[in-house]
Amino acid sequence: MEQKPKSEGKCIFCNETFSKVAINRHLQKHLQEKAIHNKPGKSLLLKIELSPKWGRAGYFLSLWVDGEARFTDIDEFLRAIWLECCGHMSSFVNVANKKVRGGMWDFFEAEKLLDNGQTEEYEKMMEDAKGEIPKSRKTKDALYKDMVLEYQYDFGSTTELKISVVAEYLVAAEKNIVLLSRNEPLKILCDNCKAAPAAQLCTAHQWGEDSMFCTKCAKKHTKDCADFDDYASFPVVNSPRMGVCAYTGGSIDKKRDVVFSGKN
């Protein structure tokens, strides 16, 4: 049975701990205070989580993104904290556009733009028809409150994320992307002893009952599974990409990209 550990994160401003459900409501209070003192501009509070269809619902990020940041900045941040393994391709898709665009009206309008020599406008319309947002676009020109995006990393062994725009502010963020909160390491226990924190994942058994092991049980598992020592052993890390492709962990915020301590 899949483990469904409790998901909590700490607020960067006050270091208090909140549930995944409550953290963004709390963060908005701090950002509203920032809105009084920070320089004018545009910034957005983004909630990022694994797409519901993929399970493992405990993972989340709360990001404060400046309007001048481009989607390539978000892409690079997500790769660094959660995803990068082999330099795979990725994309951002506007869920609303994906559902309603792409009909005959778009075709004739696009043809008219081409006839008028409006090449840039034509290319933008074609992008919008697919719902995909170019990574070169600034977030202030594409994101708005309550908007929902799909983000995909790796079009083979895909990790799909849901990005929700929780709020927008008429002030600049303190840098392009500020990590406001991230789920603390999830309480995932060894599937064998059911007591110690899981430290190693065996992908050769990922659909079986015994897929995650504490350090002690992993040594025993090596004797039973030849694939474990050969290619199937991966560390348990704080990412929805865990156990996929060649992923072994992020390159930023490493202090929370670890096995939980066993104390929470």
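Our subject in this report is the structure included herewith. Quantities reported herein were computed from a predicted structural model and do not represent experimental measurements. (Residues numbered from 1 in each chain as written. Predicted model: local features only at pLDDT ≥ 70, side-chain atom pairs only at ≥ 80, totals over all residues. Heavy atoms only, no water.)

### What to know about the nonpolar core
And then number 1: With 38 residues, the main nonpolar core has Leu46, Leu63 and Leu78 as its most contacted residues.
And then number 2: Put simply, the parts of the chain that give this core at least two residues each are strand 3 (40-50), strand 4 (60-66), helix 2 (71-83), strand 6 (148-153), strand 7 (159-171) and strand 8 (177-182).
And then number 3: Among the elements that make up this core, the one with the highest residue count is helix 2 (seven residues).
And then number 4: Leave out the neighbours within four places in its chain, and leucine 46 touches Leu61, Ser62, Leu63, Val65, Ile74, Leu143, Ile163, Ser164 and Val165.
And then number 5: Among the nonpolar cores identified, the runner-up in size contains 16 residues, and Phe18, Leu31, Phe60 and Ala173 belong to it. (Core = buried A, V, L, I, M, F, W, Y, C linked by side-chain atoms within 4.5 Å. Buried < 20%, exposed > 50% of the residue type's maximum accessible area, 1.4 Å probe, protein only. Helix = DSSP H or I, 4+ residues; strand = E, 2+ residues; numbered from the N terminus. Contact = heavy atoms within 4.5 Å.)

### Some remarks on helix 6 (residues 215-224)
And then number 1: Residues Cys217, Ala218 and His221 constitute the buried set of helix 6. All buried residues of helix 6 project into a common sector of 105° when viewed along the axis, lining one side. Residues of helix 6 that are exposed and point more than 90 degrees away from the buried face comprise Thr215, Lys216, Lys219 and Lys223.
And then number 2: Contact partners of the buried residues in helix 6: strand 9 (200-202), strand 10 (212-213) and helix 7 (226-232). (Arc of directions from axis to C-beta.)

### Let's talk about the sheet that holds strand 10
Note: strands within a sheet are paired through backbone hydrogen bonds, in either parallel or antiparallel orientation.
And then number 1: In space, the three strands of this open sheet follow the order 10-9-11, with antiparallel pairing throughout. A strand with exactly one partner marks an edge of an open sheet, and here the two such strands are strand 10 and strand 11 (233-235).
And then number 2: Pairing of strand 9 with strand 11 involves three bridges; the strand directions are antiparallel. The residue of strand 11 that forms the bridge with cysteine 202 is serine 233. (Pairing = 2+ DSSP bridges.)

### Quick notes on the environment of isoleucine 12
And then number 1: Structurally, isoleucine 12 is set in the loop between strand 1 (8-10) and strand 2 (17-19).
And then number 2: For isoleucine 12, a relative accessible area of 48% gives the class partly exposed.
And then number 3: As a C-alpha pair, isoleucine 12 and leucine 180 span 168 residues in sequence and 5.1 Å in three-dimensional space.

### As for the side chain of histidine 26
And then number 1: Considering the arrangement of structural elements, one finds histidine 26 in helix 1 (residues 23-37).
And then number 2: You can call histidine 26 buried: its relative accessible area is 14%.
And then number 3: Those residues in contact with histidine 26 that lie beyond four places of it in its chain are Cys11, Cys14 and Phe18.

### Comments concerning the environment of glutamate 184
And then number 1: Relative to the helices and strands, glutamate 184 resides in the loop between strand 8 and strand 9.
And then number 2: Put simply, glutamate 184 and glycine 58 are 126 residues apart on the chain and 9.4 Å apart in space, counted from C-alpha to C-alpha.

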